[in-house]
Amino acid sequence: PEMVLHMLIRTVSLGGNLLMNVGPTARGYIDDRAQNALREIGAWMRLNGRSIYGCTMAEPEFKAPEGTLLTQSEDGTRLYVHLIEYPFAVLEMPGFAGKVAYAQFLHDASEVPFTEGRVDHFSEGRTEGQDLLILTLPAVKPPMLVPVVELFLKK
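Keep in mind it's a predicted model, so treat the numbers as computed, not measured. (Residues numbered from 1 in each chain as written. Predicted model: local features only at pLDDT ≥ 70, side-chain atom pairs only at ≥ 80, totals over all residues. Heavy atoms only, no water.)

1. Here's the deal with the pattern of salt bridges
A side chain with one charge may pair with a side chain of the opposite charge, provided their charged atoms come close. Enumeration over the complete set of coordinates arrives at four salt bridges. Between Glu-61 and Lys-99 there is a salt bridge; the shortest N-O distance is 3.2 Å. Of the two residues, Glu-61 sits in the loop between strand E1 (55-57) and strand E2 (68-73) while Lys-99 sits in the loop between strand E4 (90-94) and strand E5 (100-105), which places them 38 residues apart along the sequence. Residue Lys-99 is classed as partly exposed on the basis of its relative accessible area of 27%. Linking Arg-78 and Glu-150 is a salt bridge whose minimum nitrogen-to-oxygen distance equals 3.0 Å. Of the two residues, Arg-78 sits in strand E3 (residues 78-83) while Glu-150 sits in strand E8 (residues 148-153), which places them 72 residues apart along the sequence. Residue class for Glu-150 comes out buried when judged on its relative accessible area of 0%. Via salt bridges that share partners, Arg-50, Arg-78 and Glu-150 belong to a single interconnected network. (Salt bridge = Lys/Arg side-chain N within 4 Å of Asp/Glu carboxyl O. Helix = DSSP H or I, 4+ residues; strand = E, 2+ residues; numbered from the N terminus. Buried < 20%, exposed > 50% of the residue type's maximum accessible area, 1.4 Å probe, protein only.)

Structure below.
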């Protein structure tokens, strides 16, 4: 399920669509592995589908940090950061300072605090600068195959 979900997110982040197709076994049943994958992806989509449906690739000015994939709403007001590799405590996003009004996890709408233009002691400090956005994340990964941070962009 996680591999198929990564394929779906990557496809949308590149501006495409993914058709998931499963067929019956020779006895006319859907394979248990396919049922399990569809069940898990469906559960993820119920909470995070807004980052897939009605989304496409992010505008060129937004570069995905390492270990993430970006999708953007068609109206351009929201950017979705898919945490393919969950970072410890912070996610540094160069080039995003001054562009984000609010950040939250998509699955439960809990706020994700952020700072701009400075690096604190939890940050790796490699990308210190005025255009840096730093998301402060929980140390423990949320119970999602791929957590998604929704960024509300400033107009």
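2. Let's talk about helix H1 (residues 2-13)
When the terminal C-alpha atoms of H1 are compared, their 16 Å separation across 12 residues agrees well with the 16 Å that a helix rising 1.5 Å per residue should span. Considered for burial, the residues of H1 that qualify are Leu-5, Leu-8, Ile-9, Val-12 and Ser-13. For H1, the buried positions fall inside an angular range of 130° around the axis, keeping them on one side. Those residues of H1 that are buried lie in contact with helix H2 (32-48), E1, E2 and E3. Looking one or two places after H1, you find Gly-15, whose phi comes out positive at around 90°. (Expected span 1.5 Å × (residues − 1). Arc of directions from axis to C-beta. Contact = heavy atoms within 4.5 Å.)

3. With respect to a nonpolar patch on the surface
A surface patch of nonpolar side chains, amounting to about 210 Å² of accessible area, comprises Val-22, Ile-30 and Leu-38. Tracing the chain through its elements places Val-22 in the loop between H1 and H2. On the basis of relative accessibility, which here comes to 37%, the residue Val-22 falls in the partly exposed class. (Patch = residues over 30% accessible without salt bridge, like charges linked within 9 Å, V, L, I, M, F, W, Y side chains within 5 Å. Areas by Shrake-Rupley, 256 points an atom, 1.4 Å probe, with all protein chains shown as cover.)

4. Here's the deal with the sheet that holds E2
Strands belonging to one sheet form pairs held by backbone hydrogen bonds; the direction of such a pair is parallel or antiparallel. Here we have five strands laid out as an open sheet, ordered E1-E2-E3-E8-E5, and antiparallel in their pairing. Strands at the two margins of the open sheet, each flanked by one partner only, are E1 and E5. With direction set aside, neighbouring strand axes in the sheet form an average angle of 30°. Both E1 and E2 contribute to a ladder of three bridges, which runs antiparallel. The residue of E2 that forms the bridge with Met-57 is Thr-71. On the sheet, H1 packs against E1, E2 and E3 and is oriented at approximately 55° with respect to E2. (Pairing = 2+ DSSP bridges. Axes fitted to C-alpha atoms, helices over the stretch in contact; angles between N-to-C directions.)

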